[in-house]
Amino acid sequence: MIVTCPWCGYEWNTRSRMRQITCPDCHGKFPQPAPAVRLLNDIEPCDLCGHEGLEYHVCRIDGDAAIVCSACLGKIANGEVK
Ligand SMILES: [Zn+2]
Ligand SMILES: [Zn+2]
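Residues numbered from 1 in each chain as written. Chains lettered and ligands numbered in written order. Predicted model: local features only at pLDDT ≥ 70, side-chain atom pairs only at ≥ 80, totals over all residues.

**Remarks on the overall build of the chain**
Filter applied, for reference: For the purposes of this entry, the term helix denotes a DSSP run of H or I that reaches at least four residues, the term strand denotes a run of E that reaches at least two, and both are numbered from the N terminus. By definition, residue pairs are in contact when their C-beta atoms, positioned from the backbone, come within 7 Å.
Helix and strand counts for the chain come out as 1 helix and 6 strands. Across the chain, helices and strands are ordered from the amino to the carboxyl terminus as β-β-β-β-β-β-α. Partitioning the contacts of the chain with sequence separation of at least 6, the portion at a separation of at least 24 is 10%.

Structure representation (structure tokens):
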């Protein structure tokens, strides 16, 4: 989980499950933020065209997780979308 220190702005990836996180940069302590949960449901917009309410495919584009609609998936497969 990426956290940002509220004291010095230092950003890092922590695996800490402690309720208090200690910044490795300034050693300031702050409470663990709530995890960012993203629910995937039928109103999730397509990552590429932003359309909602379509059929989705979870895939990886250049190694990054993405959710795209059927139309965009076809375009990617045809090399129309980079
Ligand atoms: Zn800090
Ligand atoms: Zn799309």
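What follows picks up the thread again.
**Some remarks on the nonpolar core**
A general tendency of soluble globular proteins is for nonpolar side chains to be buried together. Going by this rule: What makes a nonpolar core is a set of buried Ala, Val, Leu, Ile, Met, Phe, Trp, Tyr and Cys residues, with links drawn between C-beta atoms within 7 Å. Labels follow a simple rule on C-beta atoms placed from the backbone: if 20 or more others lie within 10 Å of a residue's own, it is buried; if 12 or fewer, it is exposed; otherwise it is partly exposed.
In terms of nonpolar packing, the biggest core is built from 5 residues, these being C46, Y56, V68, C69 and C72. Each residue touching V68, except ones within four places of it in the same chain, is listed here: C46, D47, L48, Y56, H57, C59, L73 and I76.

**Details of the pairing of strand β5 (residues 56-61)**
Using the following cut-off: Strands pair, by our definition, only if DSSP identifies at least two bridges between them.
Note that β5 and strand β6 (residues 64-69) share 6 bridges and pair antiparallel. Across the sheet, residue H57 finds its bridge partner in β6, namely V68. Once β5 ends, the chain turns through 2 residues before running back antiparallel as β6, passing D62 with a positive phi of about 50 degrees.

**Overview of the confidence of the model for the chain**
Worth spelling out the cut-off: Known as pLDDT, the predictor's per-residue confidence is scaled from 0 to 100.
Here the chain shows a mean pLDDT of 83. Residues at 70 or above account for 85%. Highest mean pLDDT in the chain belongs to strand β2 (residues 11-13) (93); lowest belongs to β5 (82).

**Description of the environment of H51**
Turning to its location among the elements, H51 is positioned in the loop between β4 (29-31) and β5. Each C-alpha atom of the pair H51 and V68 lies 9.2 Å from the other, and the pair is 17 residues apart in sequence. Sequence-distant contacts of H51, that is, excluding residues within four places in its chain, are made with P45, C46 and C69.

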